Amino acid sequence: MRVLITGSGGQVGLDLIPFLQGRGAEVVASDIVPRPEACAPDVPWEHFDVTNVTEVRGVLERVKPDVVYHLAAILSARGEEIPHVAYAVNQTGTYNMLEACRLLGVPKFIYTSTIAAFGPGLPDPVPNEVSMRPTTMYGITKVAGELLGEYYRAKWGLDFRGVRFPGLINAGVPGGGTSDYALHMYTTGMKRGAYESFCHDDTRIPLMYMPDAVRALVDLADAPRERLRRSVYNIAAMSPTAGEIAESVRGAIPGVQLTFESDPLRQAILDSWPKALDDSAAREEWDWRHEYDLTAMTADMIPKVRAMLDRGLL
Ligand code: SER
């Protein structure tokens, strides 16, 4: 199976590439940025811009993928600094990819939505189907992408599937997300011996360790279509407070200084998101199960952060 990944240089892409290869896929990576050092040099790397229709069609014509994993996006915090770019990349970019897949007969499209697609005032855990009124440009474009994908499925038969990711944590470099404080406690905490989170210590949002996240994407892509009763699924793993994450990191990195100084803009984004997701539909329809809770994640991640620092990659 031939797979094209957009946004391959981002936090998810760099872990998704080897995971898909491990499942036997022939992976072509792509991004607007050049291949990062963390990506193996033998993975083909297409350089293109999802906002450029000609480039999008050119890549799909060259690669002829059986499935597209569409990861390219501007995340929530960065998106509030440059909303017009977030709109172009997330909204127009997703439309360009869907439309080119339709025109060129790419059969399957895997989409990454987010907790940021929900707005404030919803029940916790938030159900799979609920009124979605996000307050960030990122969230608004992600909901629109979900709806567009469902339209392409109903109207043109594109096999569109997606997950709503919690905030993702790995031994990597995050790119402008509001959930990044959780990751920085590990990476910057180890690199500098200290990190100040930009939120209150009682801030609680849904989070997930990256090995669970990439497995979820690929398991959803591989699930038998006849079992799926919807296109987009909540997936959940854990919802620790920022303070609970700090406690876990302090237990693993002796002497690390973890403090909290809330930034009003990013705190408001965090406060607008649900604290927990109801993922029972994913559990029923494609046997989704998370593996990592906070303790298991910390134990697995600390040696990986150390190895990345040793290689100069963080
Ligand atoms: N991690 C993302 C962000 O913070 C949420 O999907 O923007």
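What this report covers is the structure whose coordinates are included nearby. (Residues numbered from 1 in each chain as written. Predicted model: local features only at pLDDT ≥ 70, side-chain atom pairs only at ≥ 80, totals over all residues. Heavy atoms only, no water.)

**Remarks on the sheet that holds strand β6 (residues 159-165)**
Thinking step 1. Judged by pairing direction, the sheet is parallel, and its seven strands sit side by side in the order β3-β2-β1-β4-β5-β6-β10 without closing on themselves. Each of the sheet's edge strands pairs with one partner strand only, and the pair in question is β3 (45-47) and β10 (232-234). In this sheet, neighbouring strand axes are inclined to one another by 20° on average, regardless of whether the strands run parallel or antiparallel.
Thinking step 2. One ladder, built from four bridges, connects strand β1 (residues 2-6) with strand β2 (residues 26-31); its direction is parallel. The partner of leucine 4 across the bridge, within β2, is valine 28. (Pairing = 2+ DSSP bridges. Helix = DSSP H or I, 4+ residues; strand = E, 2+ residues; numbered from the N terminus. Axes fitted to C-alpha atoms, helices over the stretch in contact; angles between N-to-C directions.)

**Looking at the site of the ligand**
Thinking step 1. Taken together, the residues surrounding the ligand are Leu75, Ser76, Thr114, Tyr138, Gly177, Thr178, Ser179 and Trp273.
Thinking step 2. Here an oxygen atom of the ligand sits 3.0 Å away from a polar atom, N or O, in the side chain of tyrosine 138.
Thinking step 3. Here threonine 178 contributes a backbone N or O atom positioned 2.5 Å from an oxygen atom of the ligand.
Thinking step 4. Within the complex, 93% of the 240 Å² of free accessible area of the ligand lies under protein. (Near = heavy atom within 4 Å. Polar contact = N/O pair within 3.5 Å; in protein donor to acceptor, adjacent residues only side chain to side chain. Areas by Shrake-Rupley, 256 points an atom, 1.4 Å probe, with all protein chains shown as cover.)

**What about the layout of surface pockets?**
Thinking step 1. Empty space within the largest pocket amounts to approximately 920 Å³.
Thinking step 2. Lining of the largest pocket is provided by 43 residues; of these, Leu71, Ala73, Ile74, Leu75 and Gly175 occupy positions nearest its centre.
Thinking step 3. Of all the secondary-structure elements, those providing two or more residues to the lining of the largest pocket are β2, α3 (76-81), α4 (83-104), β5 (108-114), α5 (137-156) and β7 (167-169).
Thinking step 4. Here the lining of the largest pocket takes three residues from β5, the largest share from any one element. (1 Å grid on protein atoms, 1.4 Å probe; cavity = no way out; pocket = protein on both sides within 12 Å on 5 of 7 lines; lining within 4 Å. Points joined across faces, edges and corners; volume = space filled by probe spheres on them.)

**Quick look at the nonpolar core**
Nonpolar side chains in soluble globular proteins generally cluster together in the buried interior.
Thinking step 1. Grouped together as the largest cluster of nonpolar side chains are 81 residues, with contacts concentrated most on Tyr69, Tyr181, Tyr186 and Trp286.
Thinking step 2. Considering every element that reaches this core, the biggest residue donor is helix α7 (residues 210-222), with eight residues.
Thinking step 3. Listed in part, the 26 residues of the second largest apolar core include Phe48, Val50, Ile82 and Leu98. (Core = buried A, V, L, I, M, F, W, Y, C linked by side-chain atoms within 4.5 Å. Buried < 20%, exposed > 50% of the residue type's maximum accessible area, 1.4 Å probe, protein only.)

**Focus: the pattern of salt bridges**
Thinking step 1. Enumeration according to the criterion identifies 21 salt bridges in this entry.
Thinking step 2. The closest approach of N and O atoms between arginine 23 and aspartate 222, which form a salt bridge, is 3.4 Å. Taken together, the residues arginine 23 in the loop between α1 (13-22) and β2 and aspartate 222 in helix α7 connect sequence positions 199 residues apart.
Thinking step 3. By relative accessible area, aspartate 222 is classed as partly exposed at 46%.
Thinking step 4. In this structure, glutamate 285 engages arginine 230 in a salt bridge whose closest nitrogen and oxygen atoms are separated by 2.2 Å. One end of the pair, glutamate 285, is in helix α10 (residues 280-286); the other, arginine 230, is in the loop between α7 and β10, with 55 residues separating them in the sequence.
Thinking step 5. The exposure class assigned to glutamate 285 is buried, which follows from its relative accessible area of 1%. (Salt bridge = Lys/Arg side-chain N within 4 Å of Asp/Glu carboxyl O.)

**Notes on the pairing of β5**
Thinking step 1. With six of seven residues buried, β5 lies mostly within the body of the structure.
Thinking step 2. Where β5 lies against β6, seven bridges are found, and the strand directions are parallel. Residue pairing for β6: serine 113 is matched across the bridge by arginine 164.
Thinking step 3. Viewed along the sheet, the connection from β5 through α5 into β6 turns out right-handed. (Right-handed = clockwise from strand over helix to strand, strands pointing away.)

**A word on the environment of serine 262**
Thinking step 1. Considering the arrangement of structural elements, one finds serine 262 in the loop between β11 (257-260) and α9 (264-271).
Thinking step 2. A residue is classified by how much of its surface remains accessible, and serine 262, at 23% relative accessible area, is partly exposed.
Thinking step 3. Every residue in contact with serine 262, bar those within four places of it in the chain, is listed here: Phe198, Cys199, His200 and Gln267.
Thinking step 4. Within the structure, the side chain of serine 262 is placed 2.9 Å from the side chain of glutamine 267, a separation counted as a polar contact. (Contact = heavy atoms within 4.5 Å.)

**Notes on the side chain of asparagine 90**
Thinking step 1. Looking at the element boundaries, asparagine 90 is found in helix α4.
Thinking step 2. Since its relative accessible area comes to 3%, asparagine 90 is described here as buried.
Thinking step 3. Reaching out from asparagine 90, the side chain makes a polar contact with the side chain of threonine 141 at a distance of 3.2 Å.
Thinking step 4. Excluding residues that lie within four positions of it along the chain, asparagine 90 makes contacts with Ala73, Ile74, Tyr138 and Thr141.

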